[in-house]
Each structure stands twice: as C-alpha cells, then as structure tokens.
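Structure assessment
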Amino acid sequence: MQNSLFISSSKYIKRIGALLLLVITVALAFHQFARVTGKYQDPVLYDFYDLKRNSVDVLFVGSSHVYCSINPVQLFEDKGIAGFNLAGASQPVWFSYHYIKEALKTQSPKVIVLDVYTVRVNDDAYFDSRNAQMNLLHMKPSYNKWQVLQLAEVDRRIDVFFGFPITHSRYLSLQKVDFDEESTMFLGYHYQPRIVAYEPEKVKDVRQVQETEAVTPKTEEYLRKCIELCQEKGIDLVLTNSPWPDITLDLQKRYNYIQEIADEYGIPFLNGCLYNEEIGMDYTVDSMGDGGHLNYTGATKYTRWLGDYLKQNYELPDRRDSKGYE
C-alpha cells in the first residue's frame with residue numbers, strides 16, 4: 001500500500017515538474033519574442049531600461065531635437081559626462097514629465113536637461129494617437145504609464161499600456177536587425193549624416209524679439225510640474241531649445257515666455273537659437289534639410305557648446321576612467 005502511494009506521489013510530482021518546466025519554457029520564449037518584436041518605431045526606452053542603475057549623471061529629455069542635436073557619446077569622450085537621451089519624436093511636455101518620473105525609478109541624475117522645442121505648438125491636438133504610441137508604447141506597464149495615457153490622445157489605450165498586443169503582430173515582418181542585441185542608437189543619439197543646405201537669408205535673427213506669447217495652459221502646467229519635480233528631488237534642471245534654422249519671430253515670443261517661467265524659478269534656459277554665432281552654426285552644412293533638425297556636424301558643434309556649459313556650471317564627475325562606463 002505504501003509503495004503504491006509512493007509511486008502515485010512520484011508520478012504526480014513528475015507531472016507538476018513537467019508542467020512547471022513547460023510554463024517556464026513558454027514564458028522565456030514569449031519574453032524573447034517580446035524583446036525581438038518590441039523593437040518597433042523608436043525603442044529608446046529599451047536601451048534605457050538596460051542601463052545599470054544610477055549610471056546616468058545627465059539625463060536629456062524632450063523631442064527629436066534632443067536625439068538629433070545632442071550626442072552623449074561625444075560628451076563622454078570629450079568631457080567624461082555620463083549622459084543619455086531619453087527622448088521621443090514630437091514629445092510634448094506632459095510626456096516629458098512622465099518620462100522624467102519613469103527615469104527616476106532607476107536613475108539619480110545630477111542634472112536633467114529638458115528641451116522645450118515643442119512648446120512652439122499652439123494646439124494640443126497636434127499630439128495625436130500616433131504621437132502617443134511612438135512615445136509611450138515601450139514604457140513598462142505601471143501606474144506612471146497609466147497616468148500619462150490619460151493625458152494622451154490615443155485610440156488603443158489598453159493595447160499601448162501593455163505593448164505586446166501591438167508589437168506581437170510584427171512576427172511576419174521581422175528582419176535580421178530585429179534579432180541584433182546590439183543597440184542601433186548611441187546612448188539615445190540618432191546619427192544624421194545627410195547635409196542639405198538651408199539658405200542663410202531665410203534664417204531669422206530672433207535676438208531682438210522682446211514680446212512674449214503664452215504657451216497652451218497644458219504645456220505651462222506640465223512645464224511647471226517638471227521644474228517642481230526636479231526641485232523636490234534636488235536635481236538641477238536646465239531648459240534648452242536646440243538651435244534650428246526655421247524658427248520665426250512669432251515663435252520666438254513663446255520661447256520668451258518660457259524664459260519668464262525659467263526666471264521665476266531661478267533656473268537657466270539656454271535658447272540655442274539666440275547663440276548661433278557663439279555655437280558656430282552654419283546651416284549651409286549643419287542642417288539635414290527639414291528646417292528643424294541638425295545633422296551630425298551641427299550636433300557636434302551644439303554638443304560641444306552645451307558640454308562646455310554643463311562642465312563649467314555643475315559638478316559632474318569625469319567617468320572616462322570609471323569601471324563599467326567603457
């Protein structure tokens with residue numbers, strides 16, 4: 001009788017073990033496929049989540065004007081600054097706020113540089129469902145992600161929240177690059193080699209504009225939230241507007257409004273469009289041709305100028321000889 005019970009229990013244990021092994025195998029396979037299919041649209045958050053905890057000293061947040069204009073690899077090589085571009089295409093300030101909150105779960109940056117290019121948009125509806133999906137799809141499901149999705153114009157809110165209901169449909173369109181574990185970005189920087197001359201006579205000198213024009217209430221609300229969050233956490237915040245050739249006199253009024261907000265909080269606002277000569281911008285060679293983005297040579301100049309400012313004004317360690325930063 002005892003032998004029979006022992007044999008029966010042994011079979012039961014083996015079945016449970018086989019079932020657990022099957023579950024683990026399926027889970028691992030699903031995880032791997034999720035990583036492969038998840039490299040969809042702009043996967044910068046994938047790279048960010050892979051960073052070692054508390055390894056970023058300067059976090060750059062904002063729109064494509066961050067990832068096209070600031071090269072953290074150059075900052076590291078030239079200044080020893082450990083930086084990362086956590087940016088998304090056409091990212092509104094309310095997304096930036098939640099990007100910062102997401103980043104602070106794993107990183108403790110000494111400085112956050114927030115680019116405010118998108119305050120130029122005077123209609124919040126511009127940031128549509130496609131924009132929300134590009135910015136938020138790869139954020140890990142969390143209360144923070146659920147909060148930001150409530151602010152977004154998004155058609156498939158639940159699908160974007162979990163991510164895989166959208167990315168899993170890519171199985172039939174996968175390419176070799178999807179299986180490459182190496183990052184296709186350089187600490188969040190997008191290399192842009194194309195040179196398309198922008199006619200110098202079209203570049204407006206906006207330094208003489210004194211008038212201000214308010215940004216949208218939602219933009220101002222979340223810009224203030226960004227500032228106050230950094231102050232609460234004891235993080236130095238620098239507002240920027242990367243230089244771009246197509247700025248107009250009217251748009252400069254909105255950046256003057258941002259300057260007033262920065263002055264109110266006693267934080268710097270580096271409006272690159274006011275410093276073209278100092279930076280050495282030459283839009284006949286430093287533009288990629290769309291009027292809004294710098295190419296590699298333009299990014300090299302702006303990164304050098306911004307790196308000098310950061311190094312001169314903040315106590316940032318030189319990580320070039322630090323283990324793990326190679």
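Here the structure is a predicted model, which means the values were calculated and not measured. (Residues numbered from 1 in each chain as written. Predicted model: local features only at pLDDT ≥ 70, side-chain atom pairs only at ≥ 80, totals over all residues. Heavy atoms only, no water.)

This next bit is on the sheet that holds strand E1 (residues 58-62). Strands sit in the order E2-E1-E3-E4-E5 across an open sheet of 5 strands; the sheet is parallel. Each end of this open sheet is capped by a strand with a single partner; those strands are strand E2 (83-87) and strand E5 (269-271). Going across the sheet, the axis of each strand differs from the next one's by a mean of 20 degrees, ignoring polarity. Lying over the sheet, helix H5 (residues 93-103) contacts E1, E2 and strand E3 (111-115), oriented at roughly 150 degrees with respect to E1. Taken strand by strand, helix H11 (residues 249-265) contacts strand E4 (236-241) and E5, and its axis lies near 160 degrees from that of E5. (Pairing = 2+ DSSP bridges. Helix = DSSP H or I, 4+ residues; strand = E, 2+ residues; numbered from the N terminus. Axes fitted to C-alpha atoms, helices over the stretch in contact; angles between N-to-C directions. Contact = heavy atoms within 4.5 Å.)

Oppositely charged side chains can form a pair if their charged atoms are brought close together. Going through the model one piece at a time under the given rule, you end up with 14 salt bridges. The structure contains a network of salt bridges with shared partners spanning Asp57, Lys110 and Arg319. (Salt bridge = Lys/Arg side-chain N within 4 Å of Asp/Glu carboxyl O.)

Attention shifts here to the environment of Asn135. Among the secondary structure elements, Asn135 is positioned in helix H6 (residues 129-136). Among the residues examined, Asn135 registers a relative accessible area of 1% and is labelled buried. Note: C-alpha distance between Asn135 and Pro43 (92 residues apart in sequence) is 9.0 Å. Once residues within four sequence positions are removed from consideration, Asn135 is found in contact with Leu45, Gly88, Ala89, Gln91, Phe95 and Tyr99. (Buried < 20%, exposed > 50% of the residue type's maximum accessible area, 1.4 Å probe, protein only.)

A few words now on unusual backbone geometry. Trans peptide bonds make up most of the peptide bonds, and negative phi angles are found at most residues other than glycine. Unlike most non-glycine residues, Asn54 shows phi in positive territory, near 55 degrees. Relative to the assigned elements, Asn54 resides in the loop between helix H2 (44-49) and E1. Taking the relative accessible area as the measure of exposure, Asn54 reaches 44% and is therefore partly exposed. Residues other than glycine seldom take positive phi values, yet Leu187 does so here, at roughly 55 degrees.

For the structure shown, the criterion picks out 12 aromatic pairs. Relative to Phe162, the ring of Phe161 lies with its centre 5.0 Å away and its plane at 85 degrees, an arrangement referred to as edge-to-face. You can call Phe161 buried: its relative accessible area is 13%. A relative accessible area of 42% places Phe162 in the partly exposed class. Ring geometry for Tyr309 and Tyr314: centres 6.4 Å apart, planes at 65 degrees, overall edge-to-face. The lysine or arginine in question, Lys140, covers the ring of Tyr49, its NZ or CZ lying 4.4 Å from the ring centre. Sitting over the ring of Trp94, Lys218 keeps its end group 4.3 Å from the ring centre. (Phe/Tyr/Trp six-rings, centres within 6.5 Å; stacked < 30°, edge-to-face > 60°. Lys NZ or Arg CZ within 6 Å of the ring centre and 35° of its normal.)

On to the packing of helix H10 (residues 217-233) against H11, then. Taken N-terminus to C-terminus, the directions of H10 and H11 make an angle of 30 degrees; their axes are 12 Å apart at the nearest point. Classified by the angle between their axes, H10 and H11 sit roughly parallel to one another. The way H10 lies across H11 gives a crossing that is right-handed. Here Glu220, Leu223, Arg224, Ile227, Glu228 and Gln231 of H10 come into contact with H11, specifically with Tyr257, Ile258, Ile261, Glu264 and Tyr265. For the contact of H10 with H11, the per-class residue count stands at 6 nonpolar, 1 polar and 4 charged. (Parallel < 35°, antiparallel > 145°, perpendicular 65-115°, else oblique. Left-handed = near helix turned anticlockwise from the far one by under 90°. Nonpolar A, V, L, I, M, F, W, Y, C, P; charged D, E, K, R; others polar.)

Below, the discussion takes up the nonpolar core. By size, the foremost hydrophobic cluster in this structure holds 58 residues, and its most contacted members are Val116, Leu136, Leu223 and Leu239. Excluding residues within four positions of it along the chain, Leu239 makes contact with Leu114, Val116, Leu223, Ile258, Ala262, Ile267, Pro268, Phe269 and Leu270. Membership of the second largest hydrophobic core comes to 26 residues, among which are Ile81, Met134, Tyr198 and Tyr283. (Core = buried A, V, L, I, M, F, W, Y, C linked by side-chain atoms within 4.5 Å.)

To continue, consider the pairing of E2. The element E2 is largely enclosed, with a buried count of 5 among its 5 residues. Of the two faces of E2, the one holding Gly83, Asn85 and Ala87 and the one holding Phe84 and Leu86 are both buried throughout.

The topology assignment puts Gln259 in helix H11. Sequence separation between Gln259 and Leu239 is 20 residues, and the spatial gap between their C-alpha atoms is 9.0 Å.

What follows is about the pairing of E4. Counting buried positions over the 6 residues of E4 gives 5, a clear majority of the element. For E3 and E4, the ladder comprises 5 bridges, and the chain directions are parallel. Counterpart to Leu114 in the pairing with E4 is Leu239. Examined bridge by bridge, E4 and E5 share 3 bridges and lie parallel to one another. Across the sheet, Thr240 pairs through a bridge with Leu270, a residue of E5. Where the polypeptide runs from E4 across H11 and back to E5, its parallel neighbour, the crossover connection is right-handed. (Right-handed = clockwise from strand over helix to strand, strands pointing away.)

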